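Observations on chain architecture
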Amino acid sequence: MLTYFIQRLVYVVPVSLGVSVFCFLLVHIAPGDPLTAVMPIDATAEQQAAMRAAYGFDKPLPVQFLVWLGNALTGDLGNSIATGRPVAGEVMRAVGNTLILAFAASLIGFSLGILFGFVAGYFKDTPVDRAVTALSITGVSVPNYWLGIVLVVIFSVTLGWLPSTGAGPGGSSAWKWDVEHLRFIILPAVTLSVVPMGIVARTVRALVGDILSQDFVTALAAKGMGRAGILRHVMRNVAPTTLSVVGLQLGYLLGGSILIETVFNWPGTGFLLSNAIFQRDLPLLQGTILVLALFFVFVNLLVDLVQPLVDPRIKRG
Amino acid sequence: MRETLLEISGLNVRFSGARTVHAVNDLSLSLDTGEVLTILGESGSGKSVTLKALLRLLPEKRTAIGGSMKLDGIDVMGLKGRALSDYRGKTVSMIFQEPALALDPVYTIGDQIAEAVRRHTGASRAQAMDVALDMLKRVRIPSAEQRLRNYPHEMSGGMRQRAMVALALACRPRLLLADEPTTALDATVQIQVLLLLRELQKEFGMSIIFVTHDIGVAVEISDRIAVMYAGNIVEEGSAAEIIRDPRHPYTRGLLAANLHDAERGSRLEAIPGSPPPLATKPDHCSFAPRCPHVTPACLKALPPVFRPGPRRRVACVLGERAFTTAQQVPVHEAAQ
Ligand SMILES: Nc1ncnc2c1ncn2[C@@H]1O[C@H](COP(=O)(O)OP(=O)(O)OP(=O)(O)O)[C@@H](O)[C@H]1O
Ligand code: SF4
Ligand SMILES: [Mg+2]
């Protein structure tokens, strides 16, 4: 068991290193000089060279990478070209907001997804099942920014119940879990939860249906287990796969959604990314992607670590 | 001092759905306390369905089930809800062909046995675990304390089937249903599990209904044999009677096929033709298309049941003649 944990932890090192190489190269793969966007068009050659030296772009690539990695390890991701502020601070603030949104969306999406999937799988091929299946297919296939706009039109514009944009009265850096702020998160969280809800519901439905058709369920009934007892076994059996699907979806949610955060003006990583892209702010883009990718690695690690605790069949030791 | 434990009369099971199957047709059977009965028959003859009907495990929606089953004073057909699940595992329990599939893969063996014990006796977790440990020792699983904490995938096939036996017997049922419990195992392991079952049966004084394709196994383990064809019992008698003096052409075919192979453990595949599809309820002898002695009378009505001795029966128009002139129906002819 311990070996398994250590193994998982050690795997993270090369993966993270690969991720950082990719993020670093991003700037150099992108067409055009990262500085041209911010430099005045009539800048002289000397001015350009000075600027380049100031950002370290004149050194050979490997050296640039090592400098960049060293800085990144100490929490310095450079400065935003557009605002001149440290990238790390901007990214952390955005990550915080995305986490809040992702947390709210997972709460809605995963609980309803698991519940719906369970009910549909248990009552397979009944009207309940067909209703849930239709709902989850719709959820997965409707473009969610469009759904977001529809929700805004209904609940903000027409009914006037909920605010349509922003993260609350405190702005982008003062979130609180109170009614005043929660009003702002409802619409983006619901919109964001629809796809994971659909995916989780469909997965759980298939799993429950599959487990219920297995011989050991008949054997459980044969030894006198009632409905509740059998359901407990079914839950334990679907838990491992459900967990990995939920983990994957959580990874996506933590990445933030460019479209939804833009529609709702939610100051998270998706919003930050779209700004960075439109302003060609490469250090900001690089830093944001690095942090997001590491997040993804981390969530997967977490799932890998929890998995053997729920599934005894995973090889241990 | 016979004491009847089980009395099945006129059992009918029909599945509807994509296609209709009359899986069991007017089956009657009785079993004494402490008796081991083997149901012998080809694939699809309705053996598993009969056992499942006894535990009321058939899917309720697509199954029409009729007739009566009385076990130890309980009207099995009338059971529902809590009374039904009290009966399952306590009065009657079952072991399955594939122990790997019949055990929950994510629960330990100990938990799975203890769960049944707690369900039926209301024992505490610790007490139920003690019972589970005792059962694992009785089925002679080595280092039982450790095995208690094993998951099914950590055990061998024979070990898993022993654990399944321990689970099924933990609540001391009056009747054990064993549906081809050794088919999935290696030959040597098969014999060990059979001997173990026989031993525990004597020790606990329970009855067993054993299902198999394998005549050798049937002879080894049972007091009585019932031969099943197309959802009904065509011949029944003591194990010795069935082996030495088979009356029904189907039984003769089975035995001949087995004797010709002269090898224990060979399968019952040597009778030419295949069993009827059972889309409609049989109104004449189901074996007629494959029977070397078929007469016009066989196709007109269901064959009469002859009772040449106590607890002995043959459902064939030849029954009486067979009774008096058994030697005139040569075994090799029946096997053609
Ligand atoms: N749940 C079900 N729904 C529909 N038909 C079924 C169902 N269970 C069994 N049958 C059909 O009933 C017939 C008898 O099946 P059963 O499983 O009792 O055969 P068996 O004698 O146990 O054969 P085997 O030796 O292969 O296990 C078969 O034709 C089978 O297809
Ligand atoms: S009743 Fe007729 S067809 Fe059926 S087994 Fe007897 S002789 Fe053969
Ligand atoms: Mg069967």
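Residues numbered from 1 in each chain as written. Chains lettered and ligands numbered in written order. Predicted model: local features only at pLDDT ≥ 70, side-chain atom pairs only at ≥ 80, totals over all residues. Heavy atoms only, no water.

With 140 residues, the main nonpolar core has Leu-54, Leu-71, Tyr-87, Ile-113, Leu-175, Leu-177 and Ile-209 of chain B as its most contacted residues. If one sorts the elements of this core by residue count, helix 7 (residues 179–212) of chain A sits on top with ten residues. Counting 24 residues, the second largest nonpolar core, distinct from the first, contains Phe-24, Ala-88, Leu-272 and Val-297 of chain A. (Core = buried A, V, L, I, M, F, W, Y, C linked by side-chain atoms within 4.5 Å. Buried < 20%, exposed > 50% of the residue type's maximum accessible area, 1.4 Å probe, protein only. Helix = DSSP H or I, 4+ residues; strand = E, 2+ residues; numbered from the N terminus.)

Residues and elements named next belong to chain B. Sheet architecture is open: four strands sit in the order 2-1-4-5, paired in antiparallel fashion. One side of each edge strand has no neighbouring strand; the edge strands of this open sheet are strand 2 (21–32) and strand 5 (74–75). Here helix 1 (residues 47–54) sits on the sheet in contact with strand 1 (4–15), strand 2 and strand 4 (63–71), set at roughly 115° to strand 1. (Pairing = 2+ DSSP bridges. Contact = heavy atoms within 4.5 Å. Axes fitted to C-alpha atoms, helices over the stretch in contact; angles between N-to-C directions.)

Summed over all chains, the structure comprises three cavities of 30 Å³ or more. Volume-wise, the largest cavity comes out at about 80 Å³. Forming the walls of the largest cavity are Ala-219, Ala-222 and Lys-223 of chain A together with Gly-89, Ser-93, Met-94, Phe-96, Ala-116, Met-164, Leu-167, Ala-168 and Cys-171 of chain B. Among the elements of the structure, helix 8 (215–222) of chain A together with strand 6 (92–95) and helix 7 (157–169) of chain B are those that each provide at least two residues to the lining of the largest cavity. Element by element, the count of residues in the lining of the largest cavity is highest for helix 7 of chain B, at three residues. Partitioning the lining of the largest cavity into residue classes produces nine nonpolar, two polar and one charged. In this structure, the second largest cavity encloses a volume near 60 Å³. Here the lining of the second largest cavity is composed, by residue class, of eight nonpolar, one polar and no charged. (1 Å grid on protein atoms, 1.4 Å probe; cavity = no way out; pocket = protein on both sides within 12 Å on 5 of 7 lines; lining within 4 Å. Points joined across faces, edges and corners; volume = space filled by probe spheres on them. Nonpolar A, V, L, I, M, F, W, Y, C, P; charged D, E, K, R; others polar.)

Take the site of ligand 1 next. Residue and element names in this part refer to chain B. Within the structure, ligand 1 sits among 16 residues, and Ser-43, Gly-44, Lys-47, Ser-48 and His-213 are positioned closest to it. Between ligand 1 and Ser-45 there is a distance of 3.2 Å, counted from an oxygen atom to a backbone nitrogen or oxygen. Measuring from an oxygen atom of ligand 1, one finds a side-chain N or O atom of His-213 at 2.8 Å. Computed on the free molecule, ligand 1 has an accessible area of 640 Å², of which 69% lies beneath the protein chains in the complex. Broken down by secondary-structure element, the contributors of at least two residues to the shell around ligand 1 are strand 2 and helix 1. By residue number, the principal contributor to the shell around ligand 1 is helix 1, which donates three residues. Class assignment of the residues belonging to the shell around ligand 1 gives a composition of five nonpolar, six polar and five charged. (Near = heavy atom within 4 Å. Polar contact = N/O pair within 3.5 Å; in protein donor to acceptor, adjacent residues only side chain to side chain. Areas by Shrake-Rupley, 256 points an atom, 1.4 Å probe, with all protein chains shown as cover.)

What follows concerns the confidence of the model for chain B. All names here are of chain B. Mean pLDDT over chain B stands at 87; residues scoring 70 or higher make up 91%. Confidence over residues 264–269 falls short of pLDDT 50; this stretch has 17 contacts with residues more than four positions distant or in other chains. Confidence drops under pLDDT 50 across residues 323–336; counting only partners more than four residues distant or on other chains, this segment forms 21 contacts. (pLDDT = per-residue confidence, 0-100.)

So, on to the site of ligand 2. Residue and element names in this part refer to chain B. Taken together, the neighbourhood of ligand 2 is formed by His-248, Pro-249, Cys-285, Phe-287, Ala-288, Cys-291, His-293, Cys-298, Pro-303, Cys-316, Val-317 and Leu-318. Here ligand 2 is seated within the second largest cavity. Looking at the shell around ligand 2 residue by residue, the classes come out as ten nonpolar, two polar and no charged. (Sits in = over half its atoms within 2 Å of the grid points.)

Residue and element names in this part refer to chain B. Side chains Val-92 and Met-94 project from strand 6 onto one buried face, and the interleaved Ser-93 and Ile-95 project onto a second face that is buried too. Relative to strand 7 (residues 175–179), strand 6 is paired through four bridges, and the arrangement is parallel. Looking at the pairing, Val-92 lines up with Leu-175 of strand 7.

All names here are of chain B. When you line up the elements, Thr-182 lands in the loop between strand 7 and helix 8 (187–204). Among the residues examined, Thr-182 registers a relative accessible area of 5% and is labelled buried. Look past the residues within four positions of Thr-182 in its chain and what remains in contact with it is Gln-190, Val-193 and Leu-194.

Before going further, it helps to spend a moment on the layout of surface pockets. A volume near 1,600 Å³ is recorded for the largest pocket. Along the wall of the largest pocket there are 37 residues; nearest its centre are Leu-212 and Val-217 of chain A together with Leu-57, Pro-59 and Glu-60 of chain B. Secondary-structure elements contributing two or more residues to the lining of the largest pocket are helix 4 (87–122), helix 7, helix 8 and helix 9 (227–254) of chain A together with helix 1 and helix 2 (81–87) of chain B. In terms of residues, the lining of the largest pocket owes the most to one element, helix 8 of chain A, which gives four residues. Its residues assigned to classes, the lining of the largest pocket comprises 14 nonpolar, ten polar and 13 charged.

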